[in-house]
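# Reading the structure
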Amino acid sequence: MSTPTAPGLPPLSEPTAWHTISLTVNGEPVTAQVESRLLLSDFLRTRLGLTGTHTGCEHGVCGACTVLLDDAPVRTCLTLAVQAAGTELRTVEGLTQDGRPLTPVQRAFHEQHGMQCGFCTPGYVMTCTALTERAGRPDDDTVADELSGHLCRCTGYQNIRAAVRQALDERYGQQEETS
């Protein structure tokens, strides 16, 4: 019995290791054959060419690989591609397309210089996008908790926090400064 294989990939030892998944990525339907063990980060980057999803630590610590899966931030380095079957997934590439203006979150990161090398930026932008899409403004503790799942080695976080505050202020209105 021959083992099914995807083009350009080595055969696997068991035929049940391949699965057909269907999901929506950045508004487009996607159907693909994937191995049981294929990480969502690898699926996005190598199969779909969506390289804005960065892989850093590959342990879920740095947050660079964060995308929105059914509008919730998830680490693609800890998620298998088969787990995304039947979901709606958004990557940083899906935020602004076809020459449209930057989203409020992207604009805030630009205006507040919330990036330096840019490696961590896609993950931060996706988490901040989820924060701004909630039904009500998240409190400061929730924002701090959400951002604590990301690491940046360049900025010292001050400009990132300013960018998040600007995006939240634009979405929900100005919030009084707390000390």
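Now for a description of the structure that goes with this document. (Residues numbered from 1 in each chain as written. Predicted model: local features only at pLDDT ≥ 70, side-chain atom pairs only at ≥ 80, totals over all residues. Heavy atoms only, no water.)

## Examining the packing of helix H2 (residues 104-111) against helix H5 (residues 158-172)
Running from N to C, H2 and H5 cross one another at 140°; their axes reach a closest spacing of 8 Å. Looking at the two axes, H2 sits oblique to H5. With respect to the hand of their crossing, H2 and H5 are arranged in right-handed fashion. When H2 is examined against H5, the residues Pro 104, Val 105, Arg 107, Ala 108, Phe 109 and Glu 111 are found in contact with a partner set consisting of Ile 160, Ala 163, Val 164, Gln 166, Ala 167 and Glu 170. Class assignment of the residues belonging to the contact of H2 with H5 gives a composition of eight nonpolar, one polar and three charged. (Axes fitted to C-alpha atoms, helices over the stretch in contact; angles between N-to-C directions. Helix = DSSP H or I, 4+ residues; strand = E, 2+ residues; numbered from the N terminus. Parallel < 35°, antiparallel > 145°, perpendicular 65-115°, else oblique. Left-handed = near helix turned anticlockwise from the far one by under 90°. Contact = heavy atoms within 4.5 Å. Nonpolar A, V, L, I, M, F, W, Y, C, P; charged D, E, K, R; others polar.)

## Side note on the layout of surface pockets
What the largest pocket holds in volume is close to 270 Å³. Around the largest pocket, the lining comprises 15 residues; the ones closest to its centre are Asp 140, Val 143, Ala 144, Leu 147 and Arg 161. Mapped onto the lining of the largest pocket, the elements with two or more residues apiece are helix H4 (140-147) and H5. With five residues, H5 is the single largest residue contributor to the lining of the largest pocket. (1 Å grid on protein atoms, 1.4 Å probe; cavity = no way out; pocket = protein on both sides within 12 Å on 5 of 7 lines; lining within 4 Å. Points joined across faces, edges and corners; volume = space filled by probe spheres on them.)

## Describing the pairing of strand E1 (residues 18-25)
On a regular strand, one side chain projects to one face of the sheet and the next to the other, so that they alternate. In this sheet, strand E2 (residues 28-35) lies alongside E1 in antiparallel orientation, the contact comprising eight bridges. Note that in E2 the partner of Leu 23 across the bridge is Val 30. Between E1 and E2, which pair antiparallel in sequence order, lie two residues; one of them, Asn 26, sits at a positive phi of approximately 50°. Relative to strand E5 (residues 88-90), E1 is paired through two bridges, and the arrangement is parallel. Bridge pairing links Val 25 to Leu 89 in E5. (Pairing = 2+ DSSP bridges.)

## As for the pairing of strand E4 (residues 72-75)
For strand E3 (residues 66-69) and E4, the ladder comprises four bridges, and the chain directions are antiparallel. Within E4, the residue paired with Leu 69 across the bridge is Ala 72. Linkage of E3 to E4, two consecutive antiparallel strands, is achieved through a turn of two residues, within which Asp 70 is found at a positive phi near 50°.

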